[in-house]
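# What the coordinates show
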Amino acid sequence: MIELGVNIDHVATIRQARRGVEPDPLQAALLAEEYGADAITVHVREDRRHMQDSDVKLIRPKLATRMNFECAVVEEMIRLVEAVAPHDVCFVPERREEVTTEGGLDVIGGLHLIGPAIARLKAQGMRISLFIDPNLEQIEAALTAGADAVELHTGRYAHAQGAALQAEIERIRAAANFGASEGLRVNAGHGLNYQNVQAIAAIETIAELNIGHSIVANAVFMGWEKAIKTMKALMVEARMNSIRPRS
């Protein structure tokens, strides 16, 4: 069944607004697991705008599920990953001036850096994913680099309308099917919310969705437990409907 990775970065964003101690990302992570999260996703950015090194070092040993650690392919972050030893690592593109990740990693252009970084962390038992646009050439490059998984960037889908929306769904479906056929674990995320998650969750070759901002935003109104359980239920229902035999 499809899995939900709850990204807790924006719990830390709220805390960092006052550089205080609440809300506590550790408490958010442990409660997310209790409420149905299959993994906890964290992204330590180079400017440390939300998650801090101390957060991930504290959270990692206390998890009952998995830590999915997102980071840029730079030596500073690779060393932090080695110190934390998460279950999964997802390399993402990063620019300090961006508000949020704006696109997928250019694996083709960065193969000389990405390949050695993957080999280095895989040797330590970590599963490595690359956050890429749903592009078959980038998936082929991910295979060349030695990745175990890819996470398909769903940002364009999240903002598409009309005919463009269906085209994005089909682009993601084709990429997911191709990646899975080549032995990759295929995840997806970015911009997914309670209104648009269903079409992506219904794609049977996608194993996991990583969702953060919408869950944190809606938790303000409905609470952390309901926000997580509702998202997971929408995902599971969409997947079940996609595989249910049609009469």
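In the nomenclature of an unreviewed UniProt entry, the chain corresponds to Pyridoxine 5'-phosphate synthase from the organism Limnobacter humi. Its UniProt record gives the chain a comment under Subcellular location (unreviewed entry), which states: "Cytoplasm". Quoted verbatim from the Catalytic activity (unreviewed entry) field of UniProt, the annotation for the chain is "3-amino-2-oxopropyl phosphate + 1-deoxy-D-xylulose 5-phosphate = pyridoxine 5'-phosphate + phosphate + 2 H2O + H(+)".

With that settled, consider the overall build of the chain. Helix and strand content of the chain: eleven helices and eight strands. At 17 Å, the chain has a C-alpha radius of gyration in line with the 18 Å of a compact globule built from 247 residues. C-alpha atoms of the chain, sized along the principal axes, occupy 55 × 45 × 35 Å. The 247 residues of the chain split such that 51% are buried. Long-range pairs, those at least 24 residues apart, make up 67% of the contacts in the chain with a sequence separation of at least 6. Put simply, the chain shows about 11,100 Å² of open surface, and 52% of that area lies on carbon and sulfur atoms. Each charge class in the chain was averaged separately, 26 positive and 33 negative side chains, and the resulting centres sit 3 Å apart.

Looking at the secondary structure, you find N196 in the loop between β7 (185-189) and α9 (197-201). With residues near it in sequence (within four places) discarded, N196 still touches Y157, A158 and G191.

Take the sheet that holds strand β1 (residues 3-7) next. Sheets are built from strands paired through backbone hydrogen bonds, the pairs being either parallel or antiparallel. Strands sit in the order β1-β2-β3-β4-β5-β6-β7-β8 around a closed barrel of eight strands; the barrel is parallel. On average, each strand axis in the sheet is inclined to that of its neighbour by 25°, with strand direction left out of account. For β7 and strand β8 (residues 208-211), the ladder comprises three bridges, and the chain directions are parallel. Within β8, the position partnered with G189 by the bridge is N210. Seen against the sheet, helix α5 (residues 111-122) touches β4 (88-91) and β5 (127-132) and runs at an angle of roughly 150° to β5.

For the rest of this paragraph, the subject is the UniProt feature "binding site: 1-deoxy-D-xylulose 5-phosphate" (unreviewed entry) in the chain. Per the UniProt annotation, the sites labelled "binding site: 1-deoxy-D-xylulose 5-phosphate" (unreviewed entry) are D9, H10, R45, H50 and T100. Tracing the chain through its elements places H10 in helix α1 (residues 9-16). Here H10 falls in the partly exposed class, since its relative accessible area comes to 28%. Not counting residues up to four positions away in its chain, the partners in contact with H10 are H50, H213 and V216. The exposure class assigned to H50 is buried, which follows from its relative accessible area of 4%.

Once that is clear, we can look at the pairing of strand β2 (residues 39-43). For β2, a buried count of five out of five residues is recorded, marking the element as mostly surrounded by other parts of the structure. Pairing geometry for β1 and β2, over three bridges, is parallel. Note that in β2 the partner of G5 across the bridge is A39. Strand direction decides the pairing type here: β2 and strand β3 (residues 67-71), joined by four bridges, are parallel. Bridged to T41 within β3 is N68. In this view, the connection linking β2 to its parallel neighbour β3 by way of helix α3 (residues 53-59) has right-handed handedness.

About the criteria used
- Residues numbered from 1 in each chain as written.
- Predicted model: local features only at pLDDT ≥ 70, side-chain atom pairs only at ≥ 80, totals over all residues.
- Heavy atoms only, no water.
- UniProt positions renumbered as here; feature names shortened; annotations may be inferred.
- Helix = DSSP H or I, 4+ residues; strand = E, 2+ residues; numbered from the N terminus.
- Rg over C-alpha atoms; globule rule 2.2 N^0.38 Å.
- Buried < 20%, exposed > 50% of the residue type's maximum accessible area, 1.4 Å probe, protein only.
- Contact = heavy atoms within 4.5 Å.
- Areas by Shrake-Rupley, 256 points an atom, 1.4 Å probe, with all protein chains shown as cover.
- Lys, Arg positive; Asp, Glu negative; His and termini not counted.
- Charge placed at Lys NZ, Arg CZ, Asp CG, Glu CD.
- Pairing = 2+ DSSP bridges.
- Axes fitted to C-alpha atoms, helices over the stretch in contact; angles between N-to-C directions.
- Right-handed = clockwise from strand over helix to strand, strands pointing away.

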